[in-house]
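# Structural characterization, general
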There are 2 protein chains.
Amino acid sequence: MTEPEDIRAGVQESLEQVTALLHKHELVENLVHRQEGPRQELVETLVHKLHLVELQKLLDKLHPADVANILEALPVEQRLIVWDLVRAERDGDILLEVSDAVRETLIAHMDEHELVAATGQLDTDEIADLAPDLPREVILDVFKSLPVEEREQLRSAMSYPEDSVGALMDFDVISVRDDVTVEVVLRYLRRFEEMPDHTDQLFVVDREEHLKGLLPTNRLLIADPETLVESVMVRELVDFHPDEKAQDAALAFERYDLVSAPVVDGAGRLIGRVTVNAVVDFIREATDSDMLSAGGLREDEDLFASVWKSVKNRWAWLAINLVTAFIASRVIGVFEDSIASIVALAALMPIIAGIGGNSGNQTITMIVRALALGQITTTSARKLFAKEIGVSALNGLIWGSVVGLFAFLIYHSWQLGVVMTSAMVLNLLLAAVMGVTIPLLMQKLGRDPAVGASVMITAITDSGGFFIFLGLATVFLV
Amino acid sequence: MTEPEDIRAGVQESLEQVTALLHKHELVENLVHRQEGPRQELVETLVHKLHLVELQKLLDKLHPADVANILEALPVEQRLIVWDLVRAERDGDILLEVSDAVRETLIAHMDEHELVAATGQLDTDEIADLAPDLPREVILDVFKSLPVEEREQLRSAMSYPEDSVGALMDFDVISVRDDVTVEVVLRYLRRFEEMPDHTDQLFVVDREEHLKGLLPTNRLLIADPETLVESVMVRELVDFHPDEKAQDAALAFERYDLVSAPVVDGAGRLIGRVTVNAVVDFIREATDSDMLSAGGLREDEDLFASVWKSVKNRWAWLAINLVTAFIASRVIGVFEDSIASIVALAALMPIIAGIGGNSGNQTITMIVRALALGQITTTSARKLFAKEIGVSALNGLIWGSVVGLFAFLIYHSWQLGVVMTSAMVLNLLLAAVMGVTIPLLMQKLGRDPAVGASVMITAITDSGGFFIFLGLATVFLV
C-alpha cells in the first residue's frame, strides 16, 4: 500500500541539514589543505565528495522554491557552493524564485553559456521576468534561439512596466471556437500530453481571436458532449488589459475569487492570461516592498550583502531623516533662551513630539488603507476630518492631562502642567489635520500615499510639537 | 453578436453613484418633512421611492465583494439605508466580505429572524466564520436547521482557532476511489449540476476515507477513459492538518502554486480542503493587520466609527508610547545641569535619538522578514551580527561626521562636534546590536517578532541616544 507523499520540505530543517553538510565539507576541505601526503589527500577528497553528493541528493528532492529559500538564507560563499550543486536544468526555475538581490549574486557567478542554457528552458513570460538582470548578449542569444511566435511574445512581455498586468501575464492559453461541440473540444484536449498549470478555463474566441467568453473546464466535465460551446460558455467575466495596474488585477482576483483571467488588447483580442499564482506572488512582493520601505530600506536586501551594499541600500532614508532632524533641531535652537531659563522644557519636549507622531501615524494608516480600497469620496473626506479631529481632541485631553500631571508631579509647577496639556492637545490636532490632508493631497497629485506619508507626518509632529510646546512655554512661563 | 460582459465594477465610480443617489434621496426626504400638504407628500414619496429603486437596481448588479466595499465606505447612517436595500438572499455573502468592524454595525441593525435567514444560506465553513459575531440564539437556530452531517462540520469548523488551517478549510470536496476507471469518475461527475468553486482536483480516498492521492480534473479531461484512477492519480502532494498554522499553509500555496489542497486528520483521513481564494483572503487580512499594528492601531477600524470607539482602538499604543517617552524624559532629566550649562545639547540631542531609531528599524525590518521565511540559523545569526555592526559603524562614521560638522558650524565648538560624532557611532552600534537581538530573542521566547519589536527598538535608541550623548557631553564638555 503506497501512502501519499508530502512534497513540502520543512524549510528550516532542510536549511539546517544543508548547513550541517556544508560545515562537514568545509572541515574536510581544511584538512585536505593542511595534510599534504598524496594518499591521505585521496581519502579526504573522497570523503569530501561524499558530503557534496549527499548535499546534491538533498537538493534534488527539494522544490525549486525551497532551494531558492535556502540559497537566500546562506552566506554568499556557501550559497555559491550549493548553487554549483543544483542541476543545470533547474537553474532557470530557481532563478525565478529567488529575491532580486540574491539573483544578482547567482547570475554574477554564471558564465554566458550557463545563463543561456538556464534561460532557454523557461517560458517566454518567465524569460521576460529575468531579462532585467541578464547580460544583453545572453538575452540576444536566447531571443535568436526562439521560434518566431515566441520571439513576438518575449518582445511584448518585455515591453510592459513591472507593475502592470502585462508583467503578470503568461501565454499558456488554450482557446476554442464557440461553434463547435463539447465533444470536439474534449477530443482536442486529449491531444495534449499535459494541460498548462492553472487551466481552470478555456478561452472562447472567434476567427480573429476576439474573446467571446470562457469555458470552465469543470463545465466541460459535466456538460453533454453534444451541446455547442456557445451554449455552455460563460459570458459574464473579468478581463484585463496589459497596461492596467497589476494592483487592480490583484484586487479583482481577491474580490471575485479568480483562478485565471484573460488579457485582451484594445480591440478585444485575446493575448494572454493572468493566473492566481502570479497574483499571489505579486501581492507578496508588493506587501514585502511596502514593509521594507516602511522600515526605511530602499529595496529587498540580500541578508548577507556586503556592508557597503547595505549602506547604499539604507542611506536614502537616513539622509531624509537627518534633514528632518536638523529642522527640528533648529526649531529647538530658536528657543534656547527659554530652555536656559527653564531647563525642564528640554526633558519634557520629546514627550509632546513623540505622542504627536504616534497619533498622526494612526490617522495616516487608516486613511492610506481606505484610499487603497477606493473608499474615500469628497463627501466622506469631510466626515473623516471631523472624526479625526474629534478623536485627537479627546485623546489630547486624556493624554494631555496625564502628561500635565506628570510635569506637575516632577517639577511642582502647575503652570508647566497646563502648558504641557495645551501643547499636547494642539499637537494632536495638528497630527489629525495633517494625517488626513497629507495622503489625500498625495493621492490628488498622483503619488502613492503609502510611500513617505509616515516620514512626513513624523517630521511635522516633531518640529510642530517642539514649536508649539516651546512657544507656549516662552509666552506663558518665561 | 453578443459581447462578453465585464462583471468588474469600477468601485470608486459605483461608490460615487451610490452617494449621489443617497444624496438625492435625502434632499427629497427633507422636502417631504417640510411640506405638509397630502398631495404634495404623495408626489414626493413617489420621487423619493424612485431614487431608492434606482439604487437597489445598481446594488443588484454589483458583486457581493463590491457591495461590501461600498458599505465600508459609507457613514453609518447611509450604510444602513443601503443595507436595507440589499436583497435578503445576498445578506450572508456580503456579511462574509465586510470587515469585522463594519459587520458589527450591520448585524446590530438586523433582527434575529433576518440573521437566521441570512446565515442559513451559507456553507457550514462560512457560518463558522460569521459565528463569533452572531448572537448565541441565532447560531443555535441555524444549527438546529442543519442536517446531521453539516452540524458535525459546523461544530468542528467552529472549534479551530482563527489563525489555523482549520479556520481556512471548507468541506466542498469531491472524493473518488482509486480502483475505479476514469470513465466511472466522469459518469459520476456528470450527475453534478455544478462542481464546487476551485475544484481543480478530486481527492482519491479508500473505504475508510484515508487520502491516497489527488486526481487533477485536467488529467481527467485528457486521460483514456479505460484507465484506472490509481494509475493517473498524483501521489506527491501537499496536505495539511487542521491545527497547523494558517501562515504555513499560505507559504505552501505561494511556494508550490496550489489552487486547492486536502486537509487530513491525524490518521490521514480526508476531512476537508483549503482553496487559494481562502488563502488570498488570509494573506490580505494578515498583511492588513500587520500594517494596522505597525501604524499603532489595535485592529481594523470602521472608517466611520464613533470617536469613542476609535479612541478605544488606539489608546493602547499611545499609552505604551507615553511610558517610553516618560522614561526618555527622565533620562534627560538626569542631565538637566549639563543642559543648563550648555543649552545647545537640548537642540542637538533629538538628532542622535532620531537617526538611531531609524537605523535600528532598518535592521529589525530585515531580521523580522528573514525570520518569517525561516532563513536564520545559529551560524548565520553570528554573521548577521557582524554585518549589522559593520553597517552601523560605517553609517555612524558617515552620518556622525555630517552631524558633527553641523554642530560645529552652528555652535563653533569642535569639541561639541566630536561628541556628536562619537554619540552617533555609539547609538547606531546600540541600534544594530538590539536590532538583531530583540527579534531573535522574541522568536526564541515563542512570541511574534513582528509585533512590538519596532516600538522596543525606538524606545531603546531614544533613551539610549539621550543617555550616550548627554553622558559624553557631561564627561568631556561640562
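Residues numbered from 1 in each chain as written. Chains lettered and ligands numbered in written order. Predicted model: local features only at pLDDT ≥ 70, side-chain atom pairs only at ≥ 80, totals over all residues.

### Re the overall build of chain A
Tallying secondary structure elements over chain A gives 22 helices and seven strands in all. Its C-alpha radius of gyration of 31 Å places chain A more than 25% over the 23 Å reference for a compact globule of 478 residues. With the C-alpha coordinates of chain A rotated into their principal frame, the extents come out at 90 × 80 × 50 Å. Expressed as a percentage of its 478 residues, the buried residues of chain A come to 46%. Put simply, 69% of the contacts in chain A that link residues at least 6 apart link residues at least 24 apart. (Helix = DSSP H or I, 4+ residues; strand = E, 2+ residues; numbered from the N terminus. Rg over C-alpha atoms; globule rule 2.2 N^0.38 Å. Buried ≥ 20, exposed ≤ 12 C-beta atoms within 10 Å, placed from the backbone. Contact = placed C-beta atoms within 7 Å.)

### Comments concerning the interface of chain B and chain A
Taken together, the contacts link 113 residues of chain B with 113 residues of chain A. No other element matches helix 19 (residues 344-372) of chain B, which puts 16 residues into the side of chain B that touches chain A. The residue makeup of the side of chain B that touches chain A, split by class, is 58 nonpolar, 31 polar and 24 charged. With two bridges connecting them, strand 1 (residues 5-6) of chain A and strand 5 (residues 236-237) of chain B associate as parallel partners. Bridged to D6 of chain A within strand 5 of chain B is L237 of chain B. (Nonpolar A, V, L, I, M, F, W, Y, C, P; charged D, E, K, R; others polar. Pairing = 2+ DSSP bridges.)

### A short note on helix 15 (residues 246-256) of chain B
Within helix 15 of chain B, burial applies to A246, A249, A250, L251, A252, F253 and R255 of chain B. For helix 15 of chain B, the elements touching its buried residues are helix 3 (64-73) and helix 16 (276-294) of chain A together with helix 11 (165-168), strand 7 (270-275) and helix 16 (276-294) of chain B. Immediately beyond the C-terminal end of helix 15 of chain B, within one or two residues, lies D257 of chain B, with a positive phi of roughly 55°.

### Topic: the sheet that holds strand 3 (residues 201-205) of chain B
Residue and element names in this part refer to chain B. Pairing is mixed across the open sheet formed by three strands, whose spatial order is 2-3-4. Pairing within the sheet leaves two strands with one partner each, and these edge strands are strand 2 (175-176) and strand 4 (211-216). Summarising the sheet, strand 2 and strand 3 pair through two bridges and their orientation is parallel. Along strand 3, the bridge assignment pairs V176 with V204.

### So, the relation of the copies chain B and chain A
When chain B is brought onto chain A, the operation consists of a screw motion whose angular component is 180° and whose axial shift is 0.0 Å, with 0.1 Å RMSD remaining. Here the transformation between the copies is reduced to the relation of a two-fold axis. Of the residues that chain B buries at the interface, 100% are likewise interface residues in chain A, meaning the two copies contact each other through the same surface. (Least-squares fit on C-alpha atoms with pLDDT ≥ 70 in both.)

### Focus on the nonpolar core
Counting residues in hydrophobic clusters, the biggest one holds 265 residues, and the most contacted among them are V279 of chain A together with V279 of chain B. Aside from chain neighbours lying at most four places away, what touches V279 of chain A is L168, A249, A250, F253 and V274 of chain A. (Core = buried A, V, L, I, M, F, W, Y, C linked by C-beta atoms within 7 Å.)

### Focus on the packing of helix 20 (residues 378-411) of chain B against helix 21 (residues 414-444) of chain B
Residues and elements named next belong to chain B. Contact pair helix 20 / helix 21: the axes reach a minimum separation of 7 Å and the direction vectors enclose 155°. Taken as axis vectors, helix 20 and helix 21 run roughly antiparallel relative to one another. Crossing of helix 20 against helix 21: the hand is right-handed. Here the contact of helix 20 with helix 21 is composed, by residue class, of 25 nonpolar, nine polar and one charged. (Axes fitted to C-alpha atoms, helices over the stretch in contact; angles between N-to-C directions. Parallel < 35°, antiparallel > 145°, perpendicular 65-115°, else oblique. Left-handed = near helix turned anticlockwise from the far one by under 90°.)

### Concerning unusual backbone geometry
Its identity is not glycine, yet H412 of chain A carries a phi of approximately 50°, on the positive side. Inspection of the secondary structure puts H412 of chain A in the loop between helix 20 (378-411) and helix 21 (414-444). Taking the number of C-beta atoms within 10 Å as the measure of exposure, H412 of chain A has 9 and is therefore exposed. If you check the backbone angles, D257 of chain B has positive phi at about 55° while not being a glycine.

### Details of helix 7 (residues 112-120) of chain A
All names here are of chain A. Within the span of helix 7, buried status applies to L115, V116, A118 and T119. The buried residues of helix 7 occupy an angular sector of 165° when the element is viewed end-on, so they sit on one face. Contact partners of the buried residues in helix 7: helix 5 (91-97), helix 6 (100-108), helix 8 (124-130) and helix 9 (136-145). (Arc of directions from axis to C-beta.)

### A closer look at the sheet that holds strand 3 (residues 201-205) of chain A
In spatial order, the strands read 2-3-4 (chain A); together these three strands make up an open sheet with mixed pairing. Taken across any chain shown, the strands that pair with only one partner, and hence form the sheet edges, are strand 2 (175-176) and strand 4 (211-216) of chain A.

### Some words on the domain arrangement of chain A
Per the domain assignment, the segments of chain A are domain 1 (11-162), domain 2 (175-294) and domain 3 (307-476). Placing the centre of domain 2 of chain A and that of domain 3 of chain A at their C-alpha centroids yields a distance of 48 Å. (Domains from an automatic or database assignment.)

### Let's talk about the pairing of strand 3 of chain B
Looking along a regular strand, one sees side chains alternate from face to face of the sheet. Residues and elements named next belong to chain B. The buried fraction of strand 3 amounts to five of the five residues, a majority that puts the element mostly inside the structure. Judged by which residues are buried, strand 3 turns out to be covered on both faces: Q201, F203 and V205 on one side and L202 and V204 on the other are all buried. Crossover strand 2 to strand 3 through helix 12 (residues 182-190) is right-handed. In the sheet, strand 3 pairs with strand 4 via five bridges, with the strands oriented antiparallel. Directly across from V204, in strand 4, lies its bridge partner G213. The antiparallel hairpin formed by strand 3 and strand 4 contains five residues in its connecting segment, where E209 sits at a positive phi of about 70°. (Right-handed = clockwise from strand over helix to strand, strands pointing away.)

### Things to note about the packing of helix 19 (residues 344-372) of chain A against helix 21 of chain A
Residue and element names in this part refer to chain A. In contact at an axis separation of 8 Å, helix 19 and helix 21 are set at 30° when each is read in the N-to-C sense. With respect to their mutual orientation, helix 19 and helix 21 come out roughly parallel. When the axes of helix 19 and helix 21 are compared, the crossing they make is right-handed. Residue classes in the contact of helix 19 with helix 21 are distributed as 20 nonpolar, seven polar and no charged.

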